[in-house]
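# Notes for the structure review
Listed below are the residues making up each chain.
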Amino acid sequence: MDFTVILPKGTILANRYEIYDLLGEGATGVVYLAQDQQSGELRAIKQMTVEYVTAKQYAKAISDFQREAELLSKIAHPSIPKFYKYFVHEGNYYLVMEYIIGKNLLDILEENPKFVSEKQVTRWAIQLCDVLNYIHSYEPPIIYRDMKPSNIIYNSNLKRLYLIDFGTARFVAALRASGVTAIGTMGYAPPELFEGSVGPETDIYSLAATLIHLLVGSFPPFHPYYGFNFDENPHPYELNPKVSKNISDILVRAVSIEPESRYNSAKEMQKELKEHLANMW
């Protein structure tokens, strides 16, 4: 059984939300553009999609979706879409969120001839470090686990990034945890995540992998257990001559195979990025 049937335009959910359009589909849900008929505001509505074989798999999918709702209801940051409500309608599960106008970074990258400029990527990196510092400092801490270009939307008018899709994010009892389900995207996920370990360094790695992708226009060689292995593979500045060695060194450190070799916090990485931006031409 699955919930992949796309709702037609004009569908009214919960006697309140009118479906206008389909915004996108992902591993954990279908997202619609809808209008709140009470406020007149546009909203993004995420519907859980799940294909399952057993009742246990279905129960886990429901649990994950409810966890996302709980997490979003508690956090507030300018770069995280606002959460409004969670409801069940005709057996399907929905999240109502702020509608963010913009394009995800993967689409922006594909529209560029080769890559995104270093200055722009550095500005974006500073914003994303701020988001990570917020969720990592939350009590209990939150590890996002799935940062990648398609999960980041850029509003060019506001010059602001938004981190979306918290379906894989986890509250953890401490800044580091083990025995966590290995959920992430190959190439952006660090080696320790596949061993069930997470910490702030997990998100720092995924952030840096995302930035490398934007700077070089394609994914450098990586291995699920050895990461990018820059001891043997070309560094970002060698893959793209327009990338400075300084930003390359920052990102290479952030994707070190061993978590303890990366930055201790997003705030520490942000400090270096701000210094780098201030010294750029």
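Structure's up top.
Notes on the structure follow. (Residues numbered from 1 in each chain as written. Predicted model: local features only at pLDDT ≥ 70, side-chain atom pairs only at ≥ 80, totals over all residues. Heavy atoms only, no water.)

Before going further, it helps to examine the overall build of the chain. Of regular secondary structure, the chain possesses seven helices and 11 strands. The buried share of the chain, reckoned over its 281 residues, is 49%. When contacts within the chain are restricted to residue pairs at least 6 apart in sequence, long-range pairs at least 24 apart make up 58% of them. Total accessible area computed for the chain in this model is approximately 13,400 Å², and 50% of it derives from carbon and sulfur atoms. (Helix = DSSP H or I, 4+ residues; strand = E, 2+ residues; numbered from the N terminus. Buried < 20%, exposed > 50% of the residue type's maximum accessible area, 1.4 Å probe, protein only. Contact = heavy atoms within 4.5 Å. Areas by Shrake-Rupley, 256 points an atom, 1.4 Å probe, with all protein chains shown as cover.)

Let us now look at the packing of aromatic side chains. Inspection of the entire model under this criterion finds 10 aromatic pairs. Each member of the aromatic cluster is reached from another via a ring pair, and the members are Tyr188, Tyr205, Phe219, Phe222, Phe228 and Phe230. The side chain of Arg43 reaches across the aromatic face of Tyr84, ending 3.9 Å from its centre. It is Arg253 that lies over the ring of Tyr263; its NZ or CZ is 4.0 Å from the centre. (Phe/Tyr/Trp six-rings, centres within 6.5 Å; stacked < 30°, edge-to-face > 60°. Lys NZ or Arg CZ within 6 Å of the ring centre and 35° of its normal.)

Within strand 4 (residues 42-48), six of the seven residues are buried, which leaves it mostly tucked inside the rest of the structure. With seven bridges connecting them, strand 3 (residues 29-36) and strand 4 associate as antiparallel partners. Bridge pairing in strand 4 links Tyr32 to Ile45. In this structure, strand 4 lies alongside strand 6 (residues 92-98), joined through five bridges in antiparallel fashion. By the bridge assignment, Ile45 is partnered in strand 6 with Val96. (Pairing = 2+ DSSP bridges.)

With that settled, consider the sheet that holds strand 10 (residues 160-163). Taken in spatial order, the three strands line up as 7-9-10 in an open sheet, and their pairing is antiparallel. At either margin of the open sheet sits one strand with a lone partner, and together these are strand 7 (103-104) and strand 10. In terms of strand pairing, strand 7 meets strand 9 (residues 152-155) through two bridges, oriented antiparallel. Note on strand 9: the bridge partner recorded for Lys103 is Tyr154. Packed onto the sheet, helix 3 (residues 118-137) meets strand 9 and strand 10 and runs at close to 45 degrees relative to strand 10. (Axes fitted to C-alpha atoms, helices over the stretch in contact; angles between N-to-C directions.)

A complete count under the given rule lists 10 salt bridges for this structure. Ionic pairing is found between Asp165 and Lys46, a salt bridge with its closest N-O pair at 3.1 Å. One end of the pair, Asp165, is in the loop between strand 10 and strand 11 (170-171); the other, Lys46, is in strand 4, and 119 residues separate them in sequence. Residue classification places Lys46 among the buried positions, given a relative accessible area of 4%. Note that Asp249 is salt-bridged to Lys245, the shortest N-O span being 2.9 Å. Of this pair, Asp249 and Lys245 both sit in helix 6 (residues 245-254), four residues apart, which is roughly one turn of that helix. Residue classification places Asp249 among the partly exposed residues on the basis of a relative accessible area of 34%. One continuous salt-bridge network, built from bridges that share partners, spans Arg253, Glu268 and Glu272. (Salt bridge = Lys/Arg side-chain N within 4 Å of Asp/Glu carboxyl O.)

Moving on, we come to unusual backbone geometry. Note that the residue after Glu139, namely Pro140, is joined by a cis bond; omega there is 0 degrees. Along the chain, Pro140 falls in the loop between helix 3 and strand 8 (142-143). Within the chain, Arg145 stands out as a residue other than glycine whose phi angle is a positive 80 degrees. A relative accessible area of 1% means that Arg145 is categorised as buried. Positive phi, normally seen in glycine, also occurs at Lys159, with a value near 55 degrees. Topologically, Lys159 is positioned in the loop between strand 9 and strand 10. Residue class for Lys159 comes out exposed when judged on its relative accessible area of 57%.

The geometry of helix 3 relative to helix 7 (residues 266-278) is characterised by a closest axis approach of 9 Å and an angle of 155 degrees between their N-to-C directions. Accordingly, the angle class assigned to the pair helix 3 and helix 7 is roughly antiparallel. Between helix 3 and helix 7 lies a crossing whose hand is left-handed. Note on element contacts: helix 7 touches helix 3 through Ala266, Lys267, Met269, Gln270, Leu273, Lys274, His276 and Leu277, opposite Glu118, Lys119, Thr122, Arg123, Ala125, Ile126, Cys129, Asp130, Leu132 and Asn133. Of the residues that constitute the contact of helix 3 with helix 7, the class distribution is eight nonpolar, four polar and six charged. (Parallel < 35°, antiparallel > 145°, perpendicular 65-115°, else oblique. Left-handed = near helix turned anticlockwise from the far one by under 90°. Nonpolar A, V, L, I, M, F, W, Y, C, P; charged D, E, K, R; others polar.)

So, about the environment of Gly167. Within the element layout of this structure, Gly167 appears in the loop between strand 10 and strand 11. Once the C-alpha coordinates of Gly167 and Gly29 are considered, the two residues, 138 residues apart in sequence, prove to be 8.8 Å apart. The contacts of Gly167, once residues within four sequence positions are left out, are Arg67 and Glu68.

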